[in-house]
Each structure stands twice: as C-alpha cells, then as structure tokens.
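Residue-level structural notes
Residue strings, one per chain:
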Amino acid sequence: MTLLEILEERLRAGCRVCGIAEDDLAGVGVTQAADLRFGDYQSNAAMVLAKGVQQNPRSLAEALAEAVEVSEIAEVEIAGPGFLNFRINPATYAGRLGHLLEDEQLGVARVADPLRIVIDFSAPNVAKPMHVGHLRSTFIGDALARIGRFLGHDVITDNHIGDWGTQFGMVIWAWKRELDRSSLGKNPLNELLRLYRSANSRCAEDDSVKEECRQELVALQQGDEENLGIWKECVTLSREGLQVIYDRLGLSFDHWLGESSYNERLPGVVEDLLQSELARESDGAICVFSDNTGDPVTDPFKIQKDGEWEDKPMIVRKRDGGFNYATTDIATVDYRVEEMKADCAWYVVDHRQGDHFKQLFAVAARRGRGIELKHISFGTILGKDGKPLKTRAGDLPLLSDLIADAIEAAKESSEGRSRVEDEKEREVLAELIGISAVKFMELSHHRTSDYIFDLDKMVSMEGDTAPYLQYSYVRCRSIFGKLDGEVVLDGADLELSDEKEIHLARMLVRFGEVVPVILDDFRPNLLAGYLLELARAYHSFFQSCPVLRSEEAIRKTRLVLCELTARVLRQGLELLGISVPERM
Ligand code: ARG
C-alpha cells in the first residue's frame, strides 16, 4: 500500500472512533500536501464532516488527530480552521527506500482486476499525410498503452488506419496517369501523397476529373480487378513506409486492423440496425436518428438551429449505397466486443471528431454492447505565431519532417557541449534526443490544451524537457562509474537526516502514487510533471550532499538514493515511450 492509502485507511478508522457514520466515510480523503512546510499529506475531512456531527471543524479535527493511529509512520498536526497535516517520519521513508530496491514495479501496485483494453491510436490515412494530429494521437496512445500494461491491464493496441476512403478514387486516377515508379520505390509515402495531392488539385479545377475519380472509386468498390490491385499495392507500400516511421519512433502495434478489414461486415451491420429499428431510410440514405428519450442538449442526434432542435442523424449507408466511416466504426465496436472480448476501447483521436464518437458510443449503448467506450481527445499543436502549425506552403506539416527538424535541433544544441566524441555515437544520440524531445513536449502538456511547437525549447538541456531528464539519469549513473570497491545496495541501516535527502526520498516514494492515477483521466502529463520534480529534487540533493566523499551509512544511503533515482527516471521515461542513454 502507498503511504497515502495507509493514511486514508487509518483516518477512516479514526473517523469511526469519533462516531462518523459509515455512509459518510466514502468522502474522507487524504491528498499530497500542497505546501511541504506543513507536512507531506493533508486532509480536510474534519471540515467536510463537522456539520454532520454538529461539531465545529477545529474540535472535530482535534478529536480525529487523537483517534487516528499513525504514530509509527507519521506525526499529525492541526492547522487553520481544521486541516489535518501528516508529516512522514524520516525512518518511514528510509524503510520504503529499502522496499523500492527489491521491487521491480518500484512501488507501483498492479491492479486487482485487470481489464482487457483496446487502444485505438495513431490511425493515419493511406496516401494522405501523417501529420501533427497523428503525432499527438501516436504518442499519447503509446504512453497510455505502456502505462496500462505496467499497471497489469491486458492492453491490445490497434492501428485503425484509413485504408478505404474516398481518397482512393483520386489516388487510382493519378496512379494510372502519372505514377513515378522509381520514386515509389524510394519513398512510397511521399509518392502516394504526391499522387493524391496532384489529383486533388486537378479535381478542384476540373469537374470532369472529379467525375473520373468518382468512377475509379466506384469501380474499386465494385471489385474491379485492376483498381483492387492498385489499392492493394498502395496499402502494402503505405504500411511498410509507416512501419519505418514507427520503428524509428520506437513503437509498435498488436494489430493493424484498418478500415478495410471490416468491409464484409458492413451490410450486416446496416441490416441489423434496420431490423432493430435503430436506423431507418431517409431521403434514400439509411440513418440512425435520436430515440427522443433524453434531453436534446445532451442528445448527440440533435442539433440546434435558429432556436429549434433539429435531427442530426448518423448516416450509415449513403444514397449511392456506399458505407462510410461511421458504419465501419460500428462494425469495429462489434469486432472488439465479439472477437477481442474487450472490456473497454479507448479512441485517441482529435477533438474535432467528438460528435462522431458521441454518436458512435450512443449507438453501441442502444444496441446493448457491453463495452466501455472512451474518446480520449486532444487539442491542437500551434506554431510560434500561436496559430495551428503549418508549413511555409500552408500545408499541415508532415510528422516525418517534424521529427527530422527535431533531430537537427538536438544535434545543434549538443554541439560543443557533448562529452561523447565518437561521431557515430553522437548521431545516434541526436536521433534519440530529438525524438524524445518531441515526445516529452507532447506528453508534458495536458492533452486537451494547445501548445506551441518550439524546437529550441524542447531540445534545451535546461528546461522542462526530455534531455534535462535524460541528463539527470546520466548524472545519477555516472557516480557508480567513479566508485572504487564494491558496495552492497540493500535496505539495511539506511538513514535520512538532511532535508534534501528526505525530499528526494519523498519524491521517489511518490512514484507509486502517481502512476496509478494517470488512467483516471488519461493524463500522462501527471507522470511527466512528476519526473521533472524528481529530477529537480535530485539536483538539489546532489548539490548539497556529497556522495562519494561521505562515510559509511550516509554514503550508502546516498548511493541508494542515486540508484533509485536512476531506476525511477528510467522506468518513468520508458512509460512515456522515451529511452535513456548511458552517456550524453
Ligand atoms: N483515420 C482517422 C483520421 O486520421 C482516425 C481513425 C480513428 N479511429 C477510429 N476508430 N475512428 O482522422
């Protein structure tokens, strides 16, 4: 149990002694103290409960402080109108450090009831650019998957790529006319994107081209052999090209069940929707309408126009008989329930698709699909001008270009300061730091907030950045290189006396409190913020507490602090998808 959990348990026991009703105990909580001068943890229980027992908060706090049995781990104090403050004894922290040394999970408990969770993330579209929006989805999704697994859940990652959209009409049209085989061989993603863009701009100028593209799409959908062959080649090449990017980014998927994997299920899905009267015909299309049972304000199938509520149906079969993104997603939910036996599915997708997911989830609920569905949305990446990030030409920047820029920036920033002399090793390091910098910049922001993509800032060694954390790790490890003779790092005789030692121990112990709450609201930024705070605690410890020059028990304790800081930094960064170098 974490210290926080123990304190909560003891406080509840104390409440019972003071005559608090069982029903009121659920709200009794302990939090990490906002201000360390008053202690490590605090509770406002007395203020919350006082009215119910007709006491004033201060005297209830006094009674609770008396009743709560924590003396072997902490001291209790009362402050202000009735806050309870808990100060953890240094010996308790020392004991916990000993446990951390033995614990592969570094204090993070595995969940008692693991869930099977499908995480749907990244999901770029074939022949369209993998852009900054996919960057956010990719890094957030990967971090959530890593954290979920570390907590003991059964996580299935699925790259639901867009491999069956209207873009294929255009790509096939251009493929037949202007394919450059040699550049397709060299960089398939770029060549496919070029074809798509070329057809797209021709369509904008010329309606007859538009019609020809539409015909190509219809032919593909009706199974035309030549078009199917081209489509297959596009998908295969795109997947290979994407795989190269993912390898570089250090992530992988359990499945790549793209949109096309569900094609065969679509007619059955629509049939089922019609039969269960969730969907009906409207203007030649088949649509799901509101069931009119709820408040229109929260009804995803209603929209307000000029003060009136109107229907906003979900189209599942278009007038021309074609199925769409929504139909595919309904079929995907079925698959995840029936074949994957998932308890939940998390969709890490741009906030602009919020309405689509609200409708999708409502349809799943109305069909009685027993699965918990969550849209994990995120905001926009901005340029330095505060507007959505664009290239000079005005396009959305490609993920691969952003990564290349970051690696370049990492190289420049390390120029003249890196201890690594070997040219090849420096290259590898710049690649690692550049990519880590982008990931950390992403994951250190609250996912729903917009942030500015600032290359110099993210590769700087002195900010709230990946290289700062990686450097902190290298510092921790380097001490062990300077050690002469063997030291056994175990939990025996650890002693914390200096304030900086205590604070570092406090931060190390909190790893076990931070990781489990990340999934409550899908916030990897809590972990990012924690790691920065840990690194700062380490640096201030390191500045005022000599390690190698100190004696006996103090030296051993300090070495244990260095060792654990290195382990927690490495593990914490790994949960964010970031690895650490041994030298920098
Ligand atoms: N391919 C889509 C896009 O790029 C994202 C797909 C998200 N997943 C899903 N099941 N709809 O916008």
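Quick summary incoming for the structure in this document. (Residues numbered from 1 in each chain as written. Predicted model: local features only at pLDDT ≥ 70, side-chain atom pairs only at ≥ 80, totals over all residues. Heavy atoms only, no water.)

It is worth spelling out the overall build of the chain at this point. On a plain count of helices and strands, the chain comes out with 20 helices and 15 strands. Across its three principal directions, the C-alpha atoms of the chain cover 80 × 70 × 45 Å. In the chain, buried positions account for 51% of the 584 residues. Within the chain, residue pairs in contact and separated by at least 24 positions form 73% of the contacts whose partners lie at least 6 positions apart. Carbon and sulfur atoms form 47% of the exposed surface of the chain, whose accessible area is close to 27,400 Å². Across the chain, 69 positive and 98 negative side-chain charges occur, with their mean positions spaced 3 Å apart. (Helix = DSSP H or I, 4+ residues; strand = E, 2+ residues; numbered from the N terminus. Buried < 20%, exposed > 50% of the residue type's maximum accessible area, 1.4 Å probe, protein only. Contact = heavy atoms within 4.5 Å. Areas by Shrake-Rupley, 256 points an atom, 1.4 Å probe, with all protein chains shown as cover. Lys, Arg positive; Asp, Glu negative; His and termini not counted. Charge placed at Lys NZ, Arg CZ, Asp CG, Glu CD.)

The tally for this structure, following the rule as stated, stands at 13 aromatic pairs. Judged by centre distance (5.0 Å) and plane angle (45°), the rings of Y347 and F357 are tilted. Here Y347 is found in strand β12 (residues 344-348), whereas its partner F357 is found in helix α13 (residues 354-366), with ten residues between them in sequence. For the pair Y347 and F357, a shared accessibility class is recorded, and that class is buried. Seen from their ring centres, F357 and F361 are 5.8 Å apart, and the 45° between their planes marks the pair as tilted. Pair noted here: F357 and F361 are both in helix α13, with a separation of four residues, about one helical turn. Judged by its relative accessible area of 1%, F357 falls in the buried class. Aromatic ring contacts, followed pair by pair, group F121, Y246, F253 and W256 into a single cluster. The side chain of R280 reaches across the aromatic face of F289, ending 3.9 Å from its centre. (Phe/Tyr/Trp six-rings, centres within 6.5 Å; stacked < 30°, edge-to-face > 60°. Lys NZ or Arg CZ within 6 Å of the ring centre and 35° of its normal.)

Time to look at the pattern of salt bridges. This structure, assessed with the given rule, holds 43 salt bridges. The residue R136 makes a salt bridge to E442 at a minimum N-O spacing of 2.9 Å. Of the two residues, R136 sits in helix α5 (residues 132-150) while E442 sits in helix α15 (residues 423-443), which places them 306 residues apart along the sequence. Each of the two residues, R136 as well as E442, counts as buried. Of the charged contacts in the structure, one is a salt bridge between K411 and E427, with a shortest N-O distance of 3.8 Å. Of the two residues, K411 is situated in helix α14 (residues 399-414) and E427 in helix α15; the sequence distance between them amounts to 16 residues. A relative accessible area of 28% means that K411 is categorised as partly exposed. Where salt bridges share partners, they join R265, D272, D334, E338, E339, R367 and R369 into one cluster. (Salt bridge = Lys/Arg side-chain N within 4 Å of Asp/Glu carboxyl O.)

Let us look at the sheet that holds β12. Within a beta sheet, neighbouring strands are joined by backbone hydrogen bonds and run either parallel or antiparallel to one another. If you trace the four strands from one edge of the open sheet to the other, you get β6-β5-β12-β13, paired in parallel fashion. With one partner strand each, in any of the chains shown, β6 (154-158) and β13 (372-376) form the two edges of the open sheet. Strand-to-strand, the axes of this sheet are offset by a mean angle of 20°, without reference to chain direction. Two elements, β12 and β13, share five bridges in a ladder whose sense is parallel. Counterpart to W346 in the pairing with β13 is K374. Here α5 sits on the sheet in contact with β5 (116-120), β6, β12 and β13, set at roughly 160° to β6. Contacts from α13 reach β12 and β13, with the element oriented near 180° to β13. (Pairing = 2+ DSSP bridges. Axes fitted to C-alpha atoms, helices over the stretch in contact; angles between N-to-C directions.)

A few words on the site of the ligand. Taken together, D120, A123, N125, H134, H160, Y325, D329, Y347, V349, Q353 and F357 are the residues near the ligand. Between Y325 and the ligand, the recorded distance is 2.7 Å, taken from a side-chain N or O atom to a nitrogen atom. At 2.8 Å, a side-chain N or O of D329 approaches a nitrogen atom of the ligand. Of the residues belonging to the shell around the ligand, the class tally is five nonpolar, four polar and two charged. (Near = heavy atom within 4 Å. Polar contact = N/O pair within 3.5 Å; in protein donor to acceptor, adjacent residues only side chain to side chain. Nonpolar A, V, L, I, M, F, W, Y, C, P; charged D, E, K, R; others polar.)

Before going further, it helps to spend a moment on the nonpolar core. Membership of the largest hydrophobic core comes to 160 residues, with the highest contact counts inside it found for L97, F511, V515 and L527. If we ignore the near neighbours within four places in the chain, the residues touching V515 are V108, I147, F150, L151, L527 and L575. Counting 32 residues, the second-largest nonpolar core is a separate cluster that includes V118, L273, F361 and A362. (Core = buried A, V, L, I, M, F, W, Y, C linked by side-chain atoms within 4.5 Å.)

A word on the side chain of D120. Looking at where D120 falls in the secondary structure, it is placed in strand β5. D120 sits in the buried class, given a relative accessible area of 3%. Excluding residues that lie within four positions of it along the chain, D120 makes contacts with D158, H160, R336, W346, Y347 and V348.

The next point concerns a negative patch on the surface. A contiguous patch of negative charge on the surface is contributed by D401, D405, E408, E412 and D456. Residue contributions to the negative patch peak at four residues, all from α14. As for its position among the elements, D405 is in helix α14. (Patch = residues over 30% accessible without salt bridge, like charges linked within 9 Å, V, L, I, M, F, W, Y side chains within 5 Å.)

For the rest of this paragraph, the subject is the packing of α5 against helix α20 (residues 552-575). Angle between the axes and distance between the axes: these two values describe a pair of packed helices. Viewed as axis vectors pointing N to C, α5 and α20 meet at an angle of 125°, and their least axial separation amounts to 8 Å. Taken as axis vectors, α5 and α20 run oblique relative to one another. Where α5 approaches α20, its residues A143, R146, I147 and F150 are matched on the opposing element by Q571, E574 and L575. Within the contact of α5 with α20, the residues separate by chemical class into four nonpolar, one polar and two charged. (Parallel < 35°, antiparallel > 145°, perpendicular 65-115°, else oblique.)

Turning next to the state of the cysteines. For the structure on display, the rule yields zero disulfides. The thiol of C545 is unpaired, and the distance to the nearest cysteine sulfur, on C562, comes to 9.6 Å. (Disulfide = S-S within 2.5 Å.)

Let us look at the sheet that holds strand β7 (residues 279-282). Spatially, β7-β8-β11 is the arrangement adopted by the three strands of the open sheet, whose pairing is antiparallel. Among the strands making up the open sheet, the edge pair consists of β7 and β11 (314-317). Strand after strand, the sheet turns through a mean of 45° between neighbouring axes, direction not considered. Note: β7 against strand β8 (residues 285-288), four bridges, orientation antiparallel. Its bridge partner being in β8, A279 is matched across the sheet by V288. Where α13 meets the sheet, its contacts fall on β8 and β11, and the angle it forms with β11 comes to roughly 70°.

Taken together, the four bridges between strand β9 (residues 302-305) and strand β10 (residues 308-311) define a ladder with antiparallel strand orientation. Residue pairing for β10: K302 is matched across the bridge by D311. Hairpin remark: β9 followed by β10, antiparallel, with two residues in the connecting loop; positive phi at D306, about 45°.

With that settled, the discussion passes to the pairing of β5. Within β5, four of the five residues are buried, which leaves it mostly tucked inside the rest of the structure. Relative to β6, β5 runs parallel, the two sharing five bridges. The partner of D120 across the bridge, within β6, is D158. You can see the chain leave β5, run along α5 and come back into β6, and the turn it takes is right-handed. (Right-handed = clockwise from strand over helix to strand, strands pointing away.)

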